[in-house]
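Here is what each chain is made of, one letter per residue.
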Amino acid sequence: MRELTTEEIDKLTEIAYSNASNYILNKVPKKNINDLDINLIIDKVDEGIDVDVDINIDAEVEVSDEIASKAVDITLNAVDKYIESIL
């Protein structure tokens with residue numbers, strides 16, 4: 001498997017952030033969010049690319065772990081589709 005270009009990594013990061021933040025902001029009002037951290041880790045492995053997404057939400061209201069978990073799932077799905085489209 002070939003390595004991703006800088007532009008492809010930038011696009012992958014944009015897709016991940018956009019999907020995660022859009023989902024979360026549809027579930028939790030922006031005014032209630034103090035901090036939203038979306039971390040994307042991309043590693044090249046023998047069989048391809050391994051992508052991990054970590055989301056931390058600091059909010060004034062209780063945010064269920066289910067929201068962050070679903071945001072990760074949606075993000076990974078979007079990332080997978082993008083990777084499949086370019087490789």
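Residues numbered from 1 in each chain as written. Predicted model: local features only at pLDDT ≥ 70, side-chain atom pairs only at ≥ 80, totals over all residues. Heavy atoms only, no water.

1. Some words on the overall build of the protein chain
In terms of helices and strands, the protein chain carries two helices and two strands. Shown N-terminal to C-terminal, the secondary structure of the protein chain runs as helices and strands in the order α-β-β-α. The principal-axis extents of the C-alpha atoms in the protein chain amount to approximately 45 × 20 × 15 Å. Within the protein chain, contacts between residues separated by at least 24 positions form 58% of all contacts whose residues are at least 6 apart in sequence. Surface accessibility of the protein chain: about 5800 Å² in total, with carbon and sulfur atoms responsible for 42%. Taking the average place of the 8 positive charges on the side chains of the protein chain and the average place of its 21 negative ones, the gap between the two points comes to 9 Å. (Helix = DSSP H or I, 4+ residues; strand = E, 2+ residues; numbered from the N terminus. Contact = heavy atoms within 4.5 Å. Areas by Shrake-Rupley, 256 points an atom, 1.4 Å probe, with all protein chains shown as cover. Lys, Arg positive; Asp, Glu negative; His and termini not counted. Charge placed at Lys NZ, Arg CZ, Asp CG, Glu CD.)

2. Focus: helix α2 (residues 65–86)
With 22 residues, α2 ought to run about 32 Å at 1.5 Å a step, and its terminal C-alpha atoms sit 32 Å apart, in line with that. Within α2, the full set of buried residues consists of Ile-67, Ala-68, Ala-71, Val-72, Thr-75, Ala-78, Val-79, Tyr-82 and Ile-83. Each buried residue of α2 sits inside an arc of 135° when the element is viewed along its axis, so together they form one side. Opposite the buried face of α2, at more than 90 degrees from it, the exposed residues are Glu-66, Lys-81 and Glu-84. Considering only its buried residues, α2 is in contact with α1 (6–27) and β2 (48–59). (Expected span 1.5 Å × (residues − 1). Buried < 20%, exposed > 50% of the residue type's maximum accessible area, 1.4 Å probe, protein only. Arc of directions from axis to C-beta.)

3. Focus on the confidence of the model for the protein chain
Do not read the fine detail of predicted coordinates wherever pLDDT is low. The predicted model of the protein chain averages 92 in pLDDT, with 99% of residues at 70 or higher. Of all secondary-structure elements in the protein chain, the lowest mean pLDDT belongs to β2, at 91, while α1 reaches the highest, 95. (pLDDT = per-residue confidence, 0-100.)

4. A closer look at the nonpolar core
Counting 23 residues, the largest nonpolar core has Leu-12, Ile-24, Leu-36, Ile-55, Ile-67 and Val-79 as its most contacted members. Looking at this core, the elements with two or more residues in it are α1, β1 (33–45), β2 and α2. (Core = buried A, V, L, I, M, F, W, Y, C linked by side-chain atoms within 4.5 Å.)

5. What about the pairing of β1?
Along any regular strand, the residues point their side chains to alternate faces of the sheet. Examined bridge by bridge, β1 and β2 share 12 bridges and lie antiparallel to one another. Note on β2: the bridge partner recorded for Asp-37 is Asn-56. Counting the residues in the hairpin turn of β1 and β2 gives two residues. (Pairing = 2+ DSSP bridges.)

6. Looking at α1
Its 22 residues give α1 an end-to-end C-alpha distance of 32 Å, which sits within 8% of 32 Å, the value for a rise of 1.5 Å per residue. The complete set of buried residues in α1 reads Glu-8, Leu-12, Ile-15, Ala-16, Ala-20, Ser-21, Tyr-23 and Ile-24. Lining the buried residues of α1 we find β1, β2 and α2.

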